[in-house]
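Close look at the chain arrangement
This is what each chain is made of:
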Amino acid sequence: MNRAEQLCFSLLSSCKSLRSLQQLQAHATKSALDSDQLVAGKLLLHCAVHISGAIDYARRLLLHAPNPDAFMYNALIRGFSDSDTPQNSISTFSLMLKNLGSQIDSFTLAFSLKSAANMRCLQTGTQLHCQALMRGLDTHIFVGTTLISMYAECVCVGSARKVFDEIPNPNIVTWNALLTAFFRRGDVEGAERVFGSMPAKSLASYNLMLGGYVKLGEFGLARDVFDEMPLKDEISWSTMIVGLVQYGCFDEAFLYFRRLHEVGMRPNEVSLTGVLSACAQAGAVEFAKILHGFVEKVGLVWITPVNNALMDTYSKCGSVDMARLVFERMPGKKSIVSWTTLIVGLAMQGYGEEALALFDEMEESGLRPDGVAFVAILYACSHAGLVEKGSEIFETMSKVYGIKPEIEHYGCMVDLYGRAGQLLKAYDFVTQMPIPPNDVIWRTLLGACSFHGNVELAEQVKRSLSELDPSNSSDHVLLSNIYAFAGKWKDAATVRRSMVELKLTKTPGWSMIEVDKIMYTFIAGVKQDDMTMEAYKKLTEIMSKLKVEGGYIPEVDNVLHDVEEEEKEDAVVAHSEKLAVAFGIARLARGSNVRIVKNLRVCKDCHNVMKLISKVYKLEIRLRDRSRFHSFKNGSCSCRDYW
DNA sequence: GTAGGGTTAG
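None of these values were measured; they are calculated from a predicted model.

Thresholds applied
- Residues numbered from 1 in each chain as written.
- Chains lettered and ligands numbered in written order.
- Predicted model: local features only at pLDDT ≥ 70, side-chain atom pairs only at ≥ 80, totals over all residues.
- Heavy atoms only, no water.
- Axes fitted to C-alpha atoms, helices over the stretch in contact; angles between N-to-C directions.
- Helix = DSSP H or I, 4+ residues; strand = E, 2+ residues; numbered from the N terminus.
- Parallel < 35°, antiparallel > 145°, perpendicular 65-115°, else oblique.
- Contact = heavy atoms within 4.5 Å.
- Nonpolar A, V, L, I, M, F, W, Y, C, P; charged D, E, K, R; others polar.
- Left-handed = near helix turned anticlockwise from the far one by under 90°.
- Near = heavy atom within 4 Å.
- Polar contact = N/O pair within 3.5 Å; in protein donor to acceptor, adjacent residues only side chain to side chain.
- Patch = residues over 30% accessible without salt bridge, like charges linked within 9 Å, V, L, I, M, F, W, Y side chains within 5 Å.
- Areas by Shrake-Rupley, 256 points an atom, 1.4 Å probe, with all protein chains shown as cover.
- Salt bridge = Lys/Arg side-chain N within 4 Å of Asp/Glu carboxyl O.
- Lys, Arg positive; Asp, Glu negative; His and termini not counted.
- Charge placed at Lys NZ, Arg CZ, Asp CG, Glu CD.
- Buried < 20%, exposed > 50% of the residue type's maximum accessible area, 1.4 Å probe, protein only.
- Pairing = 2+ DSSP bridges.
- Phe/Tyr/Trp six-rings, centres within 6.5 Å; stacked < 30°, edge-to-face > 60°.
- Lys NZ or Arg CZ within 6 Å of the ring centre and 35° of its normal.
- UniProt positions renumbered as here; feature names shortened; annotations may be inferred.
- Arc of directions from axis to C-beta.

A few words now on the packing of helix 9 (residues 141-153) against helix 11 (residues 172-184). Interhelical geometry of helix 9 versus helix 11 gives an angle of 10° and a closest axis separation of 8 Å. One finds that helix 9 runs roughly parallel with respect to helix 11. The residues of helix 11 that touch helix 9, namely those facing Ile141, Thr145, Ile148, Ser149, Ala152 and Glu153, are Val173, Thr174, Ala177, Leu178, Thr180, Ala181 and Arg184. In terms of residue class, the contact of helix 9 with helix 11 is made up of seven nonpolar, four polar and two charged.

Right, here's the structure in full:
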């Protein structure tokens, strides 16, 4: 390497943008370095893998290179393998095969195989495997390991094993790839056998075991590995935290996060996104604010997923304005996830028009909406009652953007019509869908029937639902409640009895409230502890005050006769959100806002009670239910009674 | 002059 080349390479490593790289390129041309194969190759590699958004420029560099060599092809194939269009890797491979076929080497195959793995495309992967076989590269340690990873991604454990057996000296990375293959198939015993026969274990092997157990919900086993590990790094901790959050064990996730801190480790971006997601789901906004401060202090604001998690947390905790602020101030790159997160946040609050405006803005910024973005915008329309607009967008999605609607999009449409009370239209839509409706679709429609009190259609929908998922207890509860609200107590009781016969237990409704940074959970009908007793006592007081000062009339009390206690409880009386709000009124400082998170959809009676409380007690209540946000203020709700 | 295995967001 000569001095000019050396200088060029050291300058290259500091190029962070395409612009600075182009300046360096101009400089190289001036110094007659542009005909230097080494320089041209390095420039291309830097564009392809180190500068975000410069991959197309890298492609042009290759197409215009006077003598494209194997190194250049490999660089471009590598760049595409980590992009959002890994299929371009494969087309570059084909081009290389045509132009420079004899020079395909272990790098070419390893990078191309990575793309096949990312695409989970077994067909492409197998073709590349053939190419490797023809060149005797299938037993090459790097190619072989990547082949195993590819088969792992495609859940072909047998093929992964075969490749492994042919590799003469598998190293620890090869073993780890094989371990992944077994876990990918959910084969714990197979994975344990591999782990047991490994000649050496590194930290990554233990982390793989942890992740594998955690993903399969085997927390006891995961905890054993975690406690026995000779060394733990940030990935070990992150794996535990993320896994616990994914399984809804928020308290334990918070515990691990605290322990991580106590043993002197610093939370990294992954454990932070994990614990933020726990805050989002549990509604722990005060704790999230502390984490936000930490994120800013340690410079993690540059990490896009962290910002996205912050936005998601703030919007799911009812502070969509904070979410917007995070979005506007993000110093790093806004990904399509960033935009979609805020769109959903606005939609949950019923800000349909703002969500639509943001969607347009996203497109203007050059991002092309994907399938999930369309789910978000359709969700926005359905939660804001924008039926016409929603139908229009649904049409454009396939006709203009060429995105084939999937079951989630159809679900949004059913919700759109159903929420708006256009039940028959929703029903026709379901029966005319080009793909068979699943249980979620029918359940959405059943929810709409419940909200709009259509008993006949509900019965019909429930029959279809029972064919698909007969043992879902919440469907039975919903139908029973539909009967109860219509005063058909005998039918309600029949549904209840069938639940007993089918041995179905109902999903208990729970609500959480944060007081002094501690989350309290309330479950209707569970009265043994002091905290719940306190809530019940306060609730009784509140309800009588509402009757006198707010003119409260219970939704079904007047027709409740000759009914078993259980149906009454379920239909209205002491739903968990009422207990949580009562607890909040008893414990929170005057003037604090009440924030509640509920796992099911709020019922009409509770919604009514919340409105009255907000007026009589001059309180602002934010309630997140399974489906959306409700901000109660001065006797009315932000959802405009539309939910 | 380029690689392979372990934890992140809608």
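Another aspect to go through is the packing of helix 27 (residues 439-452) against helix 28 (residues 455-468). In the contact formed by helix 27 and helix 28, the axes pass within 9 Å of each other and the chain directions differ by 155°. The pairing of helix 27 with helix 28 is recorded here as roughly antiparallel in orientation. You can see that helix 27 and helix 28 cross each other, and the crossing is left-handed. Contacts between helix 27 and helix 28 involve Asp439, Trp442, Arg443, Leu445, Leu446 and Cys449 from the first element and Leu457, Ala458, Val461, Lys462, Ser464, Leu465 and Leu468 from the second.

Turning our attention to the protein's contact with DNA strand B. The local shell around DNA strand B holds 48 residues, among which Arg78, Asn176, Asn207, Asp233 and Asn308 are the closest. Contact distances for DNA strand B include 3.0 Å between a base nitrogen and a side-chain N or O atom of Asp370. Partitioned by chemical class, the residues of the surface near DNA strand B number 18 nonpolar, 22 polar and eight charged.

Together, Glu328, Asp360, Glu361, Glu363 and Glu364 line one region of the surface with negative charge. Of all the elements, helix 22 (residues 352-364) adds the most residues to the negative patch, at four residues. Position of Glu364 relative to the elements: it lies in helix 22. Of the residues examined, Glu364 reaches a relative accessible area of 68% and is grouped as exposed.

Moving on, we come to unusual backbone geometry. Positive phi outside glycine occurs at Val155, with the angle close to 55°. Positionally, Val155 belongs in the loop between helix 9 and helix 10 (157-166). Taking relative accessible area as the criterion, Val155 reaches 41% and is therefore assigned partly exposed. Within the chain, Asn634 stands out as a residue other than glycine whose phi angle is a positive 45°. Using a relative accessible area of 61% as the deciding quantity, one classes Asn634 as exposed.

Here we come to the sheet that holds strand 5 (residues 629-633). What holds strands together in a sheet is hydrogen bonding between their backbones, with the strands either parallel or antiparallel. The strand order 2-1-3-4-5-6 describes an open sheet built from six strands, whose pairing is mixed. Either end of the sheet is taken by a strand with one partner, and the two such strands are strand 2 (518-523) and strand 6 (636-637). For strand 3 (residues 594-598) and strand 4 (residues 621-624), the ladder comprises four bridges, and the chain directions are parallel. Counted as the bridge partner of Arg595 is Arg622 from strand 4.

A word on the pattern of salt bridges. Scanning the entire structure with this criterion turns up 22 salt bridges. Arg161 is the salt-bridge partner of Asp165, the closest N and O atoms lying 3.5 Å from each other. Highlighted residues: Asp165 and Arg161, both in helix 10, separated by four residues, approximately one helical turn. Residues Asp475 and Arg443 are paired through a salt bridge, measuring 2.7 Å at the closest nitrogen-oxygen approach. Taken as a pair, Asp475 in helix 29 (residues 473-485) and Arg443 in helix 27 lie far apart in primary sequence, 32 residues in all.

Here the structure, examined in full by the defined rule, presents 20 aromatic pairs. Ring centres 4.8 Å apart and planes at 70° place the aromatic pair Phe164 and Trp175 in the edge-to-face group. With Phe164 in helix 10 and Trp175 in helix 11, this residue pair connects regions lying eleven residues apart in the sequence. Residue Phe164 is classed as buried on the basis of its relative accessible area of 5%. Between Tyr427 and Trp442 the ring centres are 6.2 Å apart and the planes differ by 50°, which places this aromatic pair in the tilted class. Here the residue Tyr427 occupies a position in helix 26 (residues 423-431), and Trp442 occupies one in helix 27, the gap between them amounting to 15 residues. Put simply, the rings of Phe394, Tyr410, Tyr417 and Phe429 touch in pairs and so form one group of aromatic residues. Positioned above the aromatic ring of Phe195, the side-chain terminus of Lys201 is 4.8 Å from the ring centre. When the ring centre of Tyr256 is taken as reference, the NZ or CZ atom of Arg259 above it lies at 5.0 Å.

Residues annotated in UniProt with the feature "repeat: PPR" (unreviewed entry) correspond here to residues 171-205, 233-267 and 335-369. Taken end to end, residues 171-205 is 74% helix and 0% strand, and its first and last C-alpha atoms sit 12 Å apart.

Turning our eyes to something else, we now look at helix 10. Every buried residue belonging to helix 10 is among Val157, Ala160, Val163 and Phe164, and all of these are buried. All buried residues of helix 10 fall inside an arc of 125° around its axis, so they share one side. In helix 10, the exposed residues that point more than 90 degrees away from the buried face are Lys162 and Glu166. Of the surrounding secondary structure, the elements contacted by the buried residues of helix 10 are helix 8 (122-134), helix 9 and helix 11.

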